[in-house]
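Here is how the chains run, residue by residue.
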Amino acid sequence: MNSQSAPTAEIELDLIAAAQRGDRQAFGELVRRHREGVINVVYRMCGDTHLAEDAAQEAFIRAWQHLHSYRPRSPFRNWVYRIATNVALDVLRKERETVDIDPLPLASSEKGPEIAVEEHQRGQRVRQAVLALPPASRTVLVLREYEGLSYREIADTLDIPIGTVMSRLNYARNRLRDLLACHRNGPEE
Amino acid sequence: MTEHVTAWLDAYHDGELRGRQLRRVEAHLAHCATCRAELERRRALAALLQESPPARDVTPPDRFVAQVGLRLPRRPAQPAWRRALEIGWRLAPLGILGAWAFVQAVFLVAGLATIALNLGLGGDLVAGWMTAPHAGPGLAELFSTPDAGLSDVARAVRLVWEGGERWGLSLTLYLASMAAIGLLYGSWLASWWARRQSHTQ
């Protein structure tokens, strides 16, 4: 497709229209564009990278099967995120007893190894705290904090009222503060 | 003293407030240390949340896309009635063109037949079709024979023809059929444009 001057949204609409007619290459391009966001949404909700990749693939397959029902009233990204959050919730229900949270890799820090360890531990604590939230609140928090969706977009994606978005987000943030405060005030300090 | 705006701090922090509500919260924050401290806690939490890194790339992007492609069913699922409707809609211009061609052919043949009859050519053929089975007048005598000597069909044709000649019925029919075909085509064009607009919005 040679349309570099066309806005990204228009290119994406062309890809969607082609995919709705059965063009697998066009759908592949859509997968490529939204792969990272979908994997991250599921990863933030599940905490396991391999599970997140499998679930992300499942989400894209469901998207392909229901592509005929997509209407351009809302961004394609939000429509795919809706499918991805449903898949993630299904995974959590199924794997409730067996999901192991990935240990985070120890990334190097320019400030030195001690700082790297501290950053690593902080990142681990934050991730565990997010995963300790109830799924409904966790979903809203992930879409807001990590994907930057507006309240209206979250409401449309999850098919819930804006008031519910605000109350779940408020609960999630207050709960996170309590969980992270517990970690800060824990025995190691 | 105004009430605290704690309930609105999330929305304020997320840039979701507008107009009067935004001004009210900002005015309150200007002189309320409690709410400012609460807002600062929200900002600190947001910064802390970003310290949790995203998923590591286990499968390279190209391979991920290829894996999804291999798992896709043959076609996106679409109900049969929807597929039929889609095909019918796409073939509609052909059908309209066919209808136009048919109407043109009918009036062309009718016009040629009229000319032929006026010149006295092929009258027997048409007369044979229009007269009663037991025998009756030929076409040349159709318009001079009294009603009693004609078949029902011939009487009907003479009535229509004589009336039509007075009112230009054949011309009216032609124009009406052209208008109907034009209307059909215009409707299809409008639906095509509306679909295009809904895809680009």
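The sections below set out a description of the structure shown in this document. Since we're looking at a predicted model, the values are computed, not measured.

Turning our eyes to something else, we now look at the overall build of chain A. Of regular secondary structure, chain A possesses 8 helices and 0 strands. Ordered by position from the N terminus, the helices and strands of chain A form the series α-α-α-α-α-α-α-α. Counting over 189 residues, chain A shows a buried share of 35%. Within chain A, residue pairs in contact and separated by at least 24 positions form 62% of the contacts whose partners lie at least 6 positions apart.

All right, on to the nonpolar core then. Residues and elements named next belong to chain A. By size, the foremost hydrophobic cluster in this structure holds 54 residues, and its most contacted members are Val42, Ala55 and Ala84. Top contributing element to this core by residue count: helix α2 (residues 24–46), with 10 residues. Structurally, this core is a two-domain feature, drawing no fewer than three residues from each of domain 1 (1–102) and domain 2 (106–189). Aside from chain neighbours lying at most four places away, what touches valine 42 is Ala52, Ala55, Ala56, Ala84, Val87 and Ala88.

Note on backbone geometry: most residues besides glycine have negative phi, and most peptide bonds are trans. Residues and elements named next belong to chain A. One non-glycine residue with positive phi stands out, namely aspartate 159, at about 60 degrees. In this structure, aspartate 159 sits in the loop between α7 (151–158) and α8 (162–184). We classify aspartate 159 as exposed; it has 7 C-beta atoms within 10 Å.

On to the interface of chain A and chain B, then. The partner chain B presents 36 residues to the 44 residues of chain A that form the contact. Within the residue set of the side of chain A that touches chain B, elements represented by two or more residues are α1 (8–20), α2, α3 (49–65), α5 (113–131), α6 (135–146) and α8 of chain A. Broken down by element, the side of chain A that touches chain B gets its largest block of residues, 9 residues, from α3(A).

Our next topic: the environment of Glu29(A). Among the structural elements, Glu29(A) can be located in helix α2. On a C-alpha basis, the gap between Glu29(A) and Ile16(A) in space is 9.6 Å, while along the polypeptide they are 13 residues apart.

Another aspect to go through is α6(A). All names here are of chain A. A rise of 1.5 Å per residue sets the reference length of α6, with its 12 residues, at 16 Å; its end C-alpha atoms lie 15 Å apart and thus fit the reference within 8%. Most of α6 is tucked away: 9 of the 12 residues are buried. Taken together, the buried positions of α6 are Ser137, Arg138, Thr139, Val140, Leu141, Val142, Leu143, Arg144 and Glu145. Backbone geometry just after α6 places glycine 148 at a positive phi near 70 degrees.

Moving on, we get to the packing of helix α4 (residues 76–94) of chain A against α7(A). All names here are of chain A. Relative to each other, α4 and α7 sit at 55 degrees, their axes nearing to 8 Å. Our classification of the angle between α4 and α7 gives oblique. Between α4 and α7 lies a crossing of right-handed hand. Where α4 approaches α7, its residues Asn78, Tyr81, Arg82 and Thr85 are matched on the opposing element by Glu153, Asp156, Thr157 and Leu158. The residue makeup of the contact of α4 with α7, split by class, is 2 nonpolar, 3 polar and 3 charged.

This part covers the packing of helix α1 (residues 6–13) of chain B against helix α3 (residues 33–49) of chain B. All names here are of chain B. Look at α1 against α3: their axes get within 10 Å of each other, and the N-to-C directions meet at 40 degrees. Taken together, α1 and α3 sit at an angle that is classed as oblique. Judged by the sense of rotation from one axis to the other, the crossing of α1 with α3 is right-handed. Across the interface between the two elements, Thr6, Leu9, Asp10 and His13 of α1 pack against Cys35, Glu38, Leu39, Arg42 and Arg43 of α3. Counted by class, the contact of α1 with α3 contains 3 nonpolar, 2 polar and 4 charged residues.

Okay, the environment of Ala19(A) next. Residues and elements named next belong to chain A. Mapped onto the elements of the fold, alanine 19 is located in helix α1. For alanine 19, a count of 23 C-beta atoms within 10 Å puts it in the buried group. Sequence separation between alanine 19 and glutamate 29 is 10 residues, and the spatial gap between their C-alpha atoms is 9.6 Å. If we ignore the near neighbours within four places in the chain, the residues touching alanine 19 are Ala26, Phe27, Leu30 and Leu67.

About the criteria used
Residues numbered from 1 in each chain as written. Chains lettered and ligands numbered in written order. Predicted model: local features only at pLDDT ≥ 70, side-chain atom pairs only at ≥ 80, totals over all residues. Helix = DSSP H or I, 4+ residues; strand = E, 2+ residues; numbered from the N terminus. Buried ≥ 20, exposed ≤ 12 C-beta atoms within 10 Å, placed from the backbone. Contact = placed C-beta atoms within 7 Å. Core = buried A, V, L, I, M, F, W, Y, C linked by C-beta atoms within 7 Å. Domains from an automatic or database assignment. Expected span 1.5 Å × (residues − 1). Axes fitted to C-alpha atoms, helices over the stretch in contact; angles between N-to-C directions. Parallel < 35°, antiparallel > 145°, perpendicular 65-115°, else oblique. Left-handed = near helix turned anticlockwise from the far one by under 90°. Nonpolar A, V, L, I, M, F, W, Y, C, P; charged D, E, K, R; others polar.

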